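Next come the chains, spelled out residue by residue.
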Amino acid sequence: MLEAIHLTKKFGELVAVNDLSFKVDENQIFGIAGPNGAGKSTVYNLITGFYPFDGKLLFNGKNIAGKKPHQIAKMGIARTFQVPRTFPSLTVEEALSVGSRFGDGNGFDSEYVDFLLHFLNFEEERSCNTGALDLLGKKKLMMGAALATRPKLLMLDEPMAGSNAHEIQELMDFIRRINEEMGVTIIIIEHFMKVLTELTETLLIIESGAKIASGDPEDVTNDKQVVECYLGDAYASDN
Ligand SMILES: Nc1ncnc2c1ncn2[C@@H]1O[C@H](COP(=O)(O)OP(=O)(O)O)[C@@H](O)[C@H]1O
Ligand SMILES: [Mg+2]
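Because the structure is predicted, anything quoted here is derived from the model rather than measured.

Here is what the cut-offs are and how they apply
- Residues numbered from 1 in each chain as written.
- Chains lettered and ligands numbered in written order.
- Predicted model: local features only at pLDDT ≥ 70, side-chain atom pairs only at ≥ 80, totals over all residues.
- Heavy atoms only, no water.
- Phe/Tyr/Trp six-rings, centres within 6.5 Å; stacked < 30°, edge-to-face > 60°.
- Helix = DSSP H or I, 4+ residues; strand = E, 2+ residues; numbered from the N terminus.
- Buried < 20%, exposed > 50% of the residue type's maximum accessible area, 1.4 Å probe, protein only.
- Lys NZ or Arg CZ within 6 Å of the ring centre and 35° of its normal.
- Core = buried A, V, L, I, M, F, W, Y, C linked by side-chain atoms within 4.5 Å.
- Contact = heavy atoms within 4.5 Å.
- Polar contact = N/O pair within 3.5 Å; in protein donor to acceptor, adjacent residues only side chain to side chain.
- Salt bridge = Lys/Arg side-chain N within 4 Å of Asp/Glu carboxyl O.

Caption draft 1: Up close: the packing of aromatic side chains. Tallied over the full model, the rule gives five aromatic pairs. Their ring planes at 85° and their centres at 5.3 Å tell us that Phe11 and Tyr51 sit as a pair that is edge-to-face. You can see Phe11 sitting in strand β1 (residues 2-11) and its partner Tyr51 sitting in the loop between α1 (40-47) and β4 (54-59), a full 40 residues away along the chain. Owing to a relative accessible area of 34%, Tyr51 belongs among the partly exposed residues under this scheme. The rings of Tyr112, Phe115, Phe119 and Phe174 are connected pair by pair, giving a single aromatic cluster. One Lys or Arg, Arg177, reaches over the ring of Phe119 and ends 4.2 Å from the middle of that ring.

Caption draft 2: The nonpolar core, seen in detail. Of all hydrophobic cores here, the largest spans 33 residues; its most connected members are Leu96, Leu154, Ile175, Ile178, Ile186 and Ile188. Of all the secondary structure elements, the ones that give two or more residues to this core are α3 (92-101), α4 (110-119), α5 (135-147), β7 (153-157), α6 (165-181), β8 (185-189) and α7 (193-199). If sequence neighbours within four positions are ignored, Leu96 has contacts with Val113, Leu116, Leu117, Leu120, Leu141, Gly144, Ala145 and Ala148. In this structure, Leu2, Val17, Ile47 and Phe53 belong to the second largest nonpolar core, which totals 28 residues.

Caption draft 3: Representation of the side chain of Ser163. Note that Ser163 resides in the loop between β7 and α6. Polar side-chain contacts of Ser163 include one of 3.3 Å to the side chain of Lys139. Setting aside anything within four residues of it in sequence, one finds Ser163 in contact with Lys139, Ile168 and Leu171.

Caption draft 4: How the structure looks around the pattern of salt bridges. Across all of its chains, the model carries seven salt bridges by this definition. For Arg79, the salt bridge goes to Asp157, with nearest N and O atoms at 3.6 Å. Taken as a pair, Arg79 in strand β6 (residues 77-79) and Asp157 in strand β7 lie far apart in primary sequence, 78 residues in all. Given the relative accessible area of 2%, Asp157 is considered buried.

Spelled out as structure tokens, the structure:
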């Protein structure tokens, strides 16, 4: 569904993404991990058309290099951000409606908004201001607003950050339902190894913008280079 071929992004002297190639299959949950500053969020910024880059990005076989963010959204790619971004003065229902308006070009669809309110278990909160939601609620709403654009591919940027064990479990179940029940392909950037090994089918580890390992999450997390350069850190920070 998505193929990055020799993807490279320089900010001045800094090579944020370095000759990175990977493939995401339709309907899979694909994980990306690596230390802070490895270039993970930049990969999302390239895929969503925020910066020009070198190399190729194919989405369903079409090169999306040079396309504008709104064109990419229309093609069916949506994302969330590391820090939840919601419009605090909108109600939950309005926030989902905005996404539905700016989505795949089919316009506002109140039935789909109702479906999302139900899917998110937000029926009671539909008229609440989004600013009144707790962190878990804000995260679910941000994913809901992304889903409102009817994406084929949803890219999540560290969705578990700042969450406790119970919230992590709830978000994991939710992400699995988005994948299985809505048929949305998912890329997830995450630090929690438990989340990556339980949720993803393929895991890509990057460091300094370059691939250091990829494949089955169990194999990748046992890779000597990965353990040395990354997992020591991640395990330490989980405690
Ligand atoms: N717009 C930008 N201008 C300059 N440098 C940037 C920009 N965006 C990211 N970077 C740099 O690129 C590197 C990768 O950043 P990022 O993709 O955010 O890492 P990660 O998400 O893996 O923590 C970092 O060194 C960061 O400072
Ligand atoms: Mg990041």
